[in-house]
Amino acid sequence: MRTKLVAGNWKMNGGLASNQALLAAMIPALAGLTAAKFAVCAPYPYLAQVRQVLRGSNIACGAQDLCQFESGAYTGGVSAAMLLEFDCRYVIVGHSERRSVFGESDELVALKFAAAVKHRLTPILCVGETLAERESGVTETVVARQLDAVIGCCGSTALAQGVIAYEPVWAIGTGKTATPQEAQAVHATIRARIRAAADRRLADGQTILYGGSVKAANAGQLFAMPDVDGGLIGGASLVADEFIAICRAAQVARETVKA
Ligand code: PGA
């Protein structure tokens, strides 16, 4: 049985005061939700604050990116070891905004995945197709290529050391969500790919999140899908009531599956 995970991706948003208010609302509301896991991925400058405020809570701290190198002359880079010093458990790699705005290739994303795993950080590997790719019927090919880059770089069992987030690019920040059936179909192909590359046990244990306009109103239906193990939440993770409701939906989905 896989435990649902809900991770907030604050992107380049927040500030000391608003972070404090958001976390202060979330901490007591999520405290009793023991059947799911929660995290927030904050911008680098706020990791010290977030770590401090979250101490003792059931919400883990995460970052949104990392440098593929260990240390040295890489101006602007932030290493896995640095993230660990701030108690990060998760780090997003290969978010579509990093791929499209900052030009990150599949190969670079794979190196970042490897750097995270080496330091026992859990990478949240984002994969997903653009609207043009979906319309031309190559969704599976694109997602397979993105997964295979990591398998090629890090080995056939490497994906199990991370979390995968299927995020169709056309659904990110657009208000257009994949239907639960559309999400389920891609999640099932991702799991099948892992089964083929590694084995059934690792595939069955792999956490695969859905991301792209998840909100309180659609989280329950998405999380009820058999291969959807939670969500990576952008815009709605900045609104306390929305994020709390999404986390509750993960807890309820877990309880439903168990029953
Ligand atoms: P969204 O973003 O929830 O605002 O669509 C998700 C993401 O980019 O991770």
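Values in this document were obtained by computation on a predicted structure and should not be read as measured data. (Residues numbered from 1 in each chain as written. Predicted model: local features only at pLDDT ≥ 70, side-chain atom pairs only at ≥ 80, totals over all residues. Heavy atoms only, no water.)

J.: A description of the overall build of the chain should follow, citing residues and the corresponding values.
T.: Within the chain, the regular secondary structure consists of 11 helices and eight strands. Against the 2.2 N^0.38 benchmark of 18 Å for 259 residues, the chain shows a C-alpha radius of gyration of 17 Å, consistent with a compact globule. Seen through its principal axes, the chain has C-alpha atoms that stretch 50 × 45 × 35 Å. Taking all 259 residues of the chain together, the buried fraction comes to 53%. The long-range fraction of contacts in the chain, counting pairs at least 24 apart against all pairs at least 6 apart in sequence, stands at 73%. Here the chain displays about 11200 Å² of accessible surface, and carbon together with sulfur accounts for 55% of that area. Between the centroid of the 24 positive side chains of the chain and the centroid of its 22 negative side chains there is a distance of 6 Å. (Helix = DSSP H or I, 4+ residues; strand = E, 2+ residues; numbered from the N terminus. Rg over C-alpha atoms; globule rule 2.2 N^0.38 Å. Buried < 20%, exposed > 50% of the residue type's maximum accessible area, 1.4 Å probe, protein only. Contact = heavy atoms within 4.5 Å. Areas by Shrake-Rupley, 256 points an atom, 1.4 Å probe, with all protein chains shown as cover. Lys, Arg positive; Asp, Glu negative; His and termini not counted. Charge placed at Lys NZ, Arg CZ, Asp CG, Glu CD.)

J.: Now, about the site of the ligand: what can you tell me, with residues and values included?
T.: The environment of the ligand is formed by 13 residues, the closest being Lys11, His95, Glu167, Gly173 and Ser213. Gly173 is positioned such that a nitrogen or oxygen atom in its backbone is 2.6 Å from an oxygen atom of the ligand. In the environment of the ligand, an oxygen atom lies 2.7 Å from a nitrogen or oxygen atom belonging to the backbone of Ser213. When the free accessible area of the ligand is taken as 280 Å², the share hidden by the protein chains comes to 95%. Here the residues of the shell around the ligand are counted per class, giving four nonpolar, seven polar and two charged. (Near = heavy atom within 4 Å. Polar contact = N/O pair within 3.5 Å; in protein donor to acceptor, adjacent residues only side chain to side chain. Nonpolar A, V, L, I, M, F, W, Y, C, P; charged D, E, K, R; others polar.)

J.: Can you break down unusual backbone geometry residue by residue, with the values?
T.: Backbone geometry at Lys11 places phi at a positive 55 degrees, although glycine is not the residue there. Positionally, Lys11 belongs in the loop between strand E1 (4-9) and helix H1 (16-30).

J.: Before we move on, could you go through the side chain of Arg99 and cite the residues and values that matter?
T.: With respect to the secondary-structure elements, Arg99 resides in helix H4 (residues 96-101). Of the polar contacts made by the side chain of Arg99, one reaches the side chain of Asp106; its length is 2.8 Å. Leaving out residues up to four positions away in the same chain, Arg99 has contacts with Gly94, Glu104, Asp106, Val109, Leu125, Cys126, Val127 and Gln146.

J.: Please provide a residue-by-residue account of the nonpolar core, values included.
T.: Counting residues in each nonpolar core, the largest one holds 70 residues, and the members touching the most others are Ile190 and Phe223. Broken down by element, this core gets its largest block of residues, eight residues, from helix H11 (residues 240-258). Residues in contact with Phe223, not counting those within four places in the same chain, are Lys4, Val6, Val214, Val228, Gly230, Gly231, Ile246, Ala249, Ala250 and Ala253. Listed in part, the 13 residues of the second largest apolar core include Ala39, Cys41, Ala60 and Ala165. (Core = buried A, V, L, I, M, F, W, Y, C linked by side-chain atoms within 4.5 Å.)

J.: Describe the sheet that holds strand E5 (residues 122-127), listing the residues and the values that go with them.
T.: Spatial strand order, E1-E2-E3-E4-E5-E6-E7-E8: eight strands in a closed barrel with parallel pairing. The sheet shows a mean angle of 25 degrees between the axes of neighbouring strands, direction not considered. Here E5 runs beside strand E6 (residues 163-166); their pairing, made up of four bridges, is parallel. Residue pairing for E6: Leu125 is matched across the bridge by Ile164. (Pairing = 2+ DSSP bridges. Axes fitted to C-alpha atoms, helices over the stretch in contact; angles between N-to-C directions.)

J.: Could you give me a rundown of the layout of surface pockets, with the residues and numbers involved?
T.: Space left empty within the atom packing is revealed by a probe, the size of a water molecule, rolled over the atoms. Approximately 540 Å³ is the volume found for the largest pocket. In terms of lining residues, the largest pocket is bounded by 23 residues, among which Tyr44, Gln64, Asp65, Arg98 and Phe102 are the most central. At the level of secondary structure, the elements contributing two or more residues to the lining of the largest pocket comprise H4 and helix H5 (106-118). Looking at the lining of the largest pocket residue by residue, the class counts come to 11 nonpolar, six polar and six charged. Forming the boundary of the second largest pocket are 17 residues, of which Ser57, Ile59, Ala60, Cys61 and Arg89 lie nearest the centre. Of all the elements in the fold, those that place two or more residues in the lining of the second largest pocket are strand E2 (36-41), helix H2 (47-54), strand E3 (59-63) and strand E4 (88-93). Of the residues belonging to the lining of the second largest pocket, the class tally is eight nonpolar, four polar and five charged. (1 Å grid on protein atoms, 1.4 Å probe; cavity = no way out; pocket = protein on both sides within 12 Å on 5 of 7 lines; lining within 4 Å. Points joined across faces, edges and corners; volume = space filled by probe spheres on them.)

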